[in-house]
Amino acid sequence: MTDHSESLVLWPAPSAPGAVDATVTVPGSKSVTNRALILAALAADPGWLRRPLRSRDTLLMADALRSLGIGIEETVSSSSAVSGLPRGRGESWRVIPAAPQAPATVDVGNAGTVMRFLPPLAALADGPVAFDGDPRSHERPLRSLIEALRALGARIEDGGRGAMPLTIHGTGSLDGGYVEVDASSSSQFISALLLSAPRFNQGIEVRHTGRTLPSLPHIRMTVDMLRRAGAQVDAPDSGGEPNVWRVAPGALLGGDLVVEPDLSNAQPFLAAALVTGGTVTIPDWPARTTQPGDALREIFTEMGGRCVLDDRGLTLTGTGRVRGIDADLSQVGELTPGIAAVAALADGESVLRGVAHLRLHETDRLAALTKEINALGGDVTETEDGLRIRPRALHGGVFHTYEDHRLATAAAVLGLVVKDIEIEDIATTGKTMPDFPDLWHRMLAGDVD
Ligand SMILES: O=C(O)C1=C[C@@H](OP(=O)(O)O)[C@@H](O)[C@H](O)C1
Ligand SMILES: C=C(OP(=O)(O)O)C(=O)O
């Protein structure tokens, strides 16, 4: 949790003039976009991504794949290339796969999906691929993935750190086969190994050996997207052994995928309806999805909202009264900062559990939320695996964001009802939602669709 506050611009968080009433179209899912890019890069024929997310994390992924020789062409059409999509929203990426080329260098930024999903693909290149990223990328967990790749036949130079920076010396193919991995610090280790596994000589059999496993919906998303791309996958959910995933070697199809809206990035907008007693609709909310953000329907209902999912999308209506919650968020960890913000405005205590691994996300999210909400007069305590949040009247002040997009959007929710909050480095939302400040202002003006 590094404080860069001296040099960063402060953004006056806008107050809500009253109950928010808006329809907000949120950009595409980071998790879906970055998985789709990897799968399309490994496919046997070109593929399309429609409405991909363009943000720091996904542009880093696209740039990394380009540096490995994969073609990614952007098309912005004024009339939609996708039947049924409104005009102007038909932007697409065409991915032209190729055998990964080396030497290459990859900037992972602070993107978990780039620093975890790309090394297995880079191990298929014929030569060295050097990885580095933001200072925080050097601290985020990677050791179990590095060791698993070594066990599958990769040569990796990491100076013994078990972390970024590192260089993978590929030989043009990877054996694959059976491997054990402790993914208790990040589900992304399992997703990373599965995504490239159809291209390993023997495919893969991965066994998770840790005590806990966070973010299972994100692993389901990986399995679902692999199957849609033609891979044969056995998973615990589909009658397989607990904690074991198998992917058979085989060709992947290029395909044509419309990326779902990012439901975790819909969170601050839904929270705006909840805390102001307003109504917010998110169009295109999928009827079925593996995104963890879908859990917001249940969580925000328990916290006092009313959710309706129909052909307009998801509509949340608040009463202005927010209830505290006692919840295990281990499966939906990335929702924690936004839930913590709403909980700080509730009329009863909240206990958020099962999220110790958030200490190693973009920043130490448990420490950062505790420090920043308490600096506004709040009463947040860190527990061993989460947060205890007791309601207290909050006041204005600077909210530091530690280069964490979800800290920034959580602070914006507080700013709706607490006067004079200034958010440090709102541009950090560019990691997954570069349009956030504009969408937020437009939501408050009621003119977003
Ligand atoms: O696979 C993914 O797309 C993600 C998995 C989760 O990571 P962890 O399992 O490391 O929490 C989540 O928090 C992250 O935002 C995205
Ligand atoms: C944890 C997150 O991201 P990453 O993909 O960098 O792990 C997040 O977006 O909340």
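Worth saying up front: this structure is predicted, and the values here are computed from it rather than measured.

> I would appreciate a short explanation of the site of ligand 1 in the present structure.
What surrounds ligand 1 is a group of 13 residues, the closest being Ser 31, Arg 35, Ser 186, Ser 187 and Glu 334. For ligand 1, an oxygen atom lies 3.0 Å from a polar atom in the side chain of Lys 30. His 357 places a polar side-chain atom, nitrogen or oxygen, 3.3 Å from an oxygen atom of ligand 1. When ligand 1 is considered free in solution it has 390 Å² of accessible area, and contact with the protein chains removes 96% of it. Applying the majority rule of atoms within 2 Å of the grid points places ligand 1 in the largest cavity. Secondary structure elements with two or more residues in the shell around ligand 1: helix 1 (30-41) and helix 3 (112-122). Looking at the shell around ligand 1, its residues break down into one nonpolar, nine polar and three charged.

> Would you explain the sheet that holds strand 12 (residues 233-234) in this entry?
Sheet strands line up and pair through hydrogen bonds in the backbone, either parallel or antiparallel. One open sheet accounts for four strands, arranged 10-11-13-12; its pairing is mixed. Looking at the sheet topology across the chains shown, the edges are occupied by strand 10 (177-181) and strand 12. Where strand 12 lies against strand 13 (residues 244-247), two bridges are found, and the strand directions are antiparallel. Along strand 13, the bridge assignment pairs Asp 234 with Arg 246.

> Before we go on, may I ask you to explain the pattern of salt bridges in this structure?
Side-chain pairs of opposite charge can arise whenever the charged atoms involved come near each other. The tally for this structure, following the rule as stated, stands at 28 salt bridges. The shortest N-O distance in the salt bridge between Arg 228 and Asp 224 comes to 3.9 Å. Linking Arg 228 with Asp 224, this pair stays in helix 6 (residues 216-228), spanning four residues, or about one helical turn. When the shortest N-O distance is used, the salt bridge between Asp 438 and Arg 442 registers 3.4 Å. Of the two residues, Asp 438 and Arg 442 both sit in helix 12 (residues 436-445), four residues apart, roughly one turn of that helix. For Asp 438, a relative accessible area of 43% translates into the label partly exposed. Judged by its relative accessible area of 28%, Arg 442 falls in the partly exposed class. Three or more residues are tied together by salt bridges with common partners; here these are Asp 57, Glu 362, Arg 365, Asp 404 and Lys 431.

> Help me understand the UniProt feature "binding site: phosphoenolpyruvate" (unreviewed entry) in the protein in this model?
Feature annotation in UniProt assigns "binding site: phosphoenolpyruvate" (unreviewed entry) to the following positions: Lys 30, Gly 112, Arg 140, Gln 188, Arg 365, Arg 406 and Lys 431. From the list above, the largest cavity is lined by Lys 30, Gly 112, Arg 140, Gln 188, Arg 365, Arg 406 and Lys 431. Residue classification places Gln 188 among the buried positions, given a relative accessible area of 16%. Excluding residues within four positions of it along the chain, Gln 188 makes contact with Gly 112, Thr 113, Arg 116 and Phe 117. Note that Lys 431 resides in the loop between strand 23 (421-424) and helix 12. Apart from the residues within four sequence positions on either side, Lys 431 is in contact with Ser 55, Arg 56, Asp 57, Asn 110, Ala 111, Glu 362 and His 405.

> How should the site of ligand 2 be read in this particular structure?
Around ligand 2, a shell composed of 14 residues is seen, among which Lys 30, Gly 112, Arg 140, Arg 406 and Lys 431 lie nearest. Contact between ligand 2 and Asn 110: an oxygen atom at 3.4 Å from a main-chain N or O atom of the residue. Between ligand 2 and the protein, one listed contact pairs an oxygen atom with a side-chain N or O atom of His 405 at 3.2 Å. Spatially, ligand 2 is embedded in the largest cavity. Residue classes in the shell around ligand 2 are distributed as one nonpolar, six polar and seven charged. When residues are assigned to domains, the shell around ligand 2 turns out to be shared by domain 1 (5-27 + 261-445) and domain 2 (30-251), each giving three or more.

Scoring rules and cut-offs
- Residues numbered from 1 in each chain as written.
- Chains lettered and ligands numbered in written order.
- Predicted model: local features only at pLDDT ≥ 70, side-chain atom pairs only at ≥ 80, totals over all residues.
- Heavy atoms only, no water.
- Near = heavy atom within 4 Å.
- Polar contact = N/O pair within 3.5 Å; in protein donor to acceptor, adjacent residues only side chain to side chain.
- Areas by Shrake-Rupley, 256 points an atom, 1.4 Å probe, with all protein chains shown as cover.
- 1 Å grid on protein atoms, 1.4 Å probe; cavity = no way out; pocket = protein on both sides within 12 Å on 5 of 7 lines; lining within 4 Å.
- Sits in = over half its atoms within 2 Å of the grid points.
- Helix = DSSP H or I, 4+ residues; strand = E, 2+ residues; numbered from the N terminus.
- Nonpolar A, V, L, I, M, F, W, Y, C, P; charged D, E, K, R; others polar.
- Pairing = 2+ DSSP bridges.
- Salt bridge = Lys/Arg side-chain N within 4 Å of Asp/Glu carboxyl O.
- Buried < 20%, exposed > 50% of the residue type's maximum accessible area, 1.4 Å probe, protein only.
- UniProt positions renumbered as here; feature names shortened; annotations may be inferred.
- Contact = heavy atoms within 4.5 Å.
- Domains from an automatic or database assignment.

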